[in-house]
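Overview (structure and organization)
Listed below are the residues making up each chain.
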Amino acid sequence: IENTMNRTNREMRIRAIAALGTSGDPRAVRSLIDCCQDTSPEVRLRAIEGLQNLRSGRSVEALVGRITDRKELPEIRQRAAAALAATRCFSSMEALQNRCDDPGEDTALRTFIRQELDRLYSR
């Protein structure tokens, strides 16, 4: 897996990331976290989707990094918010609430986060 993740063929990397994200294997979390810093937006998005599937609390720091990066693409920030919500751990909820309460944050992201939090708290 590591050899595939380090290859320059983006399509192969994306397929490997998708496989890791659907594997259910907790060992995949570290590789997906590393991909959250990739220069390719598609690689970052697929890694975040994988982390959302795995729902690991170990991914919180990387996901918070994506959601708080105001230069990140809106779609990636929203996916990171959904992935944080999927972990359902205290630090994720706290990070989401902080983004939601920040008046300087993007309105669309704040609305998305509010919906995610409302959905979680209504269960």
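Residues numbered from 1 in each chain as written. Predicted model: local features only at pLDDT ≥ 70, side-chain atom pairs only at ≥ 80, totals over all residues. Heavy atoms only, no water.

Focus on the nonpolar core
With 34 residues, the main nonpolar core has L32, I48, L51, L63, I67, L96 and I113 as its most contacted residues. Put simply, the parts of the chain that give this core at least two residues each are α2 (10-22), α3 (28-35), α4 (41-54), α5 (60-68), α6 (74-87), α7 (90-101) and α8 (107-121). Top element by residues in this core is α6. It accounts for seven residues. Leave out the neighbours within four places in its chain, and L32 touches I17, L20, G21, A47, G50, L51 and L54. (Core = buried A, V, L, I, M, F, W, Y, C linked by side-chain atoms within 4.5 Å. Buried < 20%, exposed > 50% of the residue type's maximum accessible area, 1.4 Å probe, protein only. Helix = DSSP H or I, 4+ residues; strand = E, 2+ residues; numbered from the N terminus. Contact = heavy atoms within 4.5 Å.)

Structural notes on the packing of α2 against α4
Contact geometry for α2 and α4: axes closest at 8 Å, N-to-C directions at 10 degrees. Regarding the angle of α2 to α4, the classification is roughly parallel. Listed contacts from α4 to R10, R13, I14, I17, L20, G21 and T22 of α2 are E42, V43, R46, A47, G50, N53 and L54. Taken together, the residues that form the contact of α2 with α4 break down as six nonpolar, four polar and four charged. (Axes fitted to C-alpha atoms, helices over the stretch in contact; angles between N-to-C directions. Parallel < 35°, antiparallel > 145°, perpendicular 65-115°, else oblique. Nonpolar A, V, L, I, M, F, W, Y, C, P; charged D, E, K, R; others polar.)

Read these as layout, nothing more, since geometry by itself doesn't imply function.
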